[in-house]
Amino acid sequence: MTENVPDSLIPYDEIVQEALRAVVGRVLGQVEAGGGVLPGNHHFYITFKTGAPGVSIPAHLKERFPDEMTIVLQNKFWELTVEETLFSVGLSFNQVPAKLVIPFGAITAFVDPAVDFGLQFQAVGSQMEPEPHDDAENDSLERESAPRVTPSDDGSNVVSVDFGRKK
């Protein structure tokens, strides 16, 4: 028997998404405050919607990644600047420097594989599932396959955060 659950008049999904995006902003802000140096083995995979409002990336990257792309903040990045609603960062793609401006609302996934931490978001203004895409090949001294953050299969709005450590 299925119970009828009334629609909430409180936008819990939006509130939770906003709070979790604040986690990304705080983490990036700590890296910025630390002189743009990632502590220990931390590094980040950040996936975002390239066509989201406020995203600014070079035209050649927009052509190559018309929907979504993943960047890696690890060894070679510069001028990380974090503001209340967005961040900007310099990265190199095939040894060509580029400045990217990414609003937090455009982010669909944030992963720190050094500590098995990941968050997945619904892009602001988007109700679509992310389409499969290639990871951006921004220059990095170390390359490893990007961990995948997968949505729950039961269709629920429950957010799972795994704080497990690698053994």
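Refer to the preceding data block for the structure.
Please read all numbers here as calculations on a predicted model, not as lab measurements.

Undergrad: Even after reading the chapter, I still don't get the overall build of the protein, so can you show me in this structure?
TA: Of regular secondary structure, the protein possesses 2 helices and 7 strands. Starting at the N terminus, the α and β elements of the protein follow one another as α-β-α-β-β-β-β-β-β. Residue burial in the protein is summarised as follows: out of 167 residues, 39% are buried. Sequence-distant contacts in the protein: of pairs separated by 6 or more residues, those separated by 24 or more amount to 61%. Entry remark: accessible area of the protein is about 10500 Å², with carbon and sulfur atoms responsible for 52%.

Undergrad: Help me understand the nonpolar core in this model?
TA: Soluble, globular proteins show a tendency: their nonpolar side chains are buried together. In this structure, Leu28, Ile46, Phe48, Ile71, Leu73, Phe87 and Leu100 are the most contacted members of the largest nonpolar core, which totals 33 residues. Looking at this core, the elements with two or more residues in it are helix 1 (12-33), strand 1 (44-49), strand 2 (68-73), strand 3 (77-82), strand 4 (86-93), strand 5 (96-103), strand 6 (107-112) and strand 7 (117-120). Those residues within four positions of Leu100 in sequence are excluded, and the remaining contacts are Phe48, Ser56, Ile57, Ile71, Phe87, Ser88, Val89, Leu91 and Phe93.

Undergrad: Looking at this structure, I do not really get the pairing of strand 3. What am I missing?
TA: Along a regular strand, successive side chains alternate from one face of the sheet to the other. With 4 bridges joining them, strand 3 and strand 4 adopt antiparallel strand pairing. Within the sheet, the bridge partner assigned to Trp78 lies in strand 4 and is Gly90. Between strand 3 and strand 4, which pair antiparallel in sequence order, lie 3 residues.

Undergrad: Would you take a moment to explain a nonpolar patch on the surface for this structure?
TA: Where nonpolar side chains cluster on the molecular surface, the patch consists of Ile10, Tyr12 and Ile15 and spans about 300 Å² of accessible area. Within the secondary structure, Tyr12 is located in helix 1.

Undergrad: Mind showing me how you'd approach the pairing of strand 5 here?
TA: As paired strands, strand 4 and strand 5 are joined by 8 bridges and run antiparallel to one another. Bridge assignment links Phe93 to a residue of strand 5, and that residue is Val96. A loop of 2 residues connects strand 4 with strand 5, the two strands running antiparallel in sequence, and Asn94 in this loop sits at a positive phi of about 50°.

Undergrad: Help me out: how do you make sense of the sheet that holds strand 5 in this one?
TA: Pairing between sheet strands relies on hydrogen bonds along the backbone, with the strands arranged either parallel or antiparallel. Here we have 3 strands laid out as an open sheet, ordered 3-4-5, and antiparallel in their pairing. Here the strands that pair on one side only, and so sit at the sheet edges, are strand 3 and strand 5. Neighbour-to-neighbour, the strand axes of this sheet turn through a mean angle of 15°, independent of strand direction. On the sheet, helix 1 packs against strand 3 and strand 4 and is oriented at approximately 125° with respect to strand 3.

Undergrad: Is there a simple way to explain the side chain of Ser92 in this structure?
TA: The residue Ser92 is located in strand 4 in this model. For Ser92, a relative accessible area of 10% puts it in the buried group. A polar atom in the side chain of Ser92 sits 3.5 Å from the backbone nitrogen of Gln95.

Conventions adopted
Residues numbered from 1 in each chain as written. Predicted model: local features only at pLDDT ≥ 70, side-chain atom pairs only at ≥ 80, totals over all residues. Heavy atoms only, no water. Helix = DSSP H or I, 4+ residues; strand = E, 2+ residues; numbered from the N terminus. Buried < 20%, exposed > 50% of the residue type's maximum accessible area, 1.4 Å probe, protein only. Contact = heavy atoms within 4.5 Å. Areas by Shrake-Rupley, 256 points an atom, 1.4 Å probe, with all protein chains shown as cover. Core = buried A, V, L, I, M, F, W, Y, C linked by side-chain atoms within 4.5 Å. Pairing = 2+ DSSP bridges. Patch = residues over 30% accessible without salt bridge, like charges linked within 9 Å, V, L, I, M, F, W, Y side chains within 5 Å. Salt bridge = Lys/Arg side-chain N within 4 Å of Asp/Glu carboxyl O. Axes fitted to C-alpha atoms, helices over the stretch in contact; angles between N-to-C directions. Polar contact = N/O pair within 3.5 Å; in protein donor to acceptor, adjacent residues only side chain to side chain.

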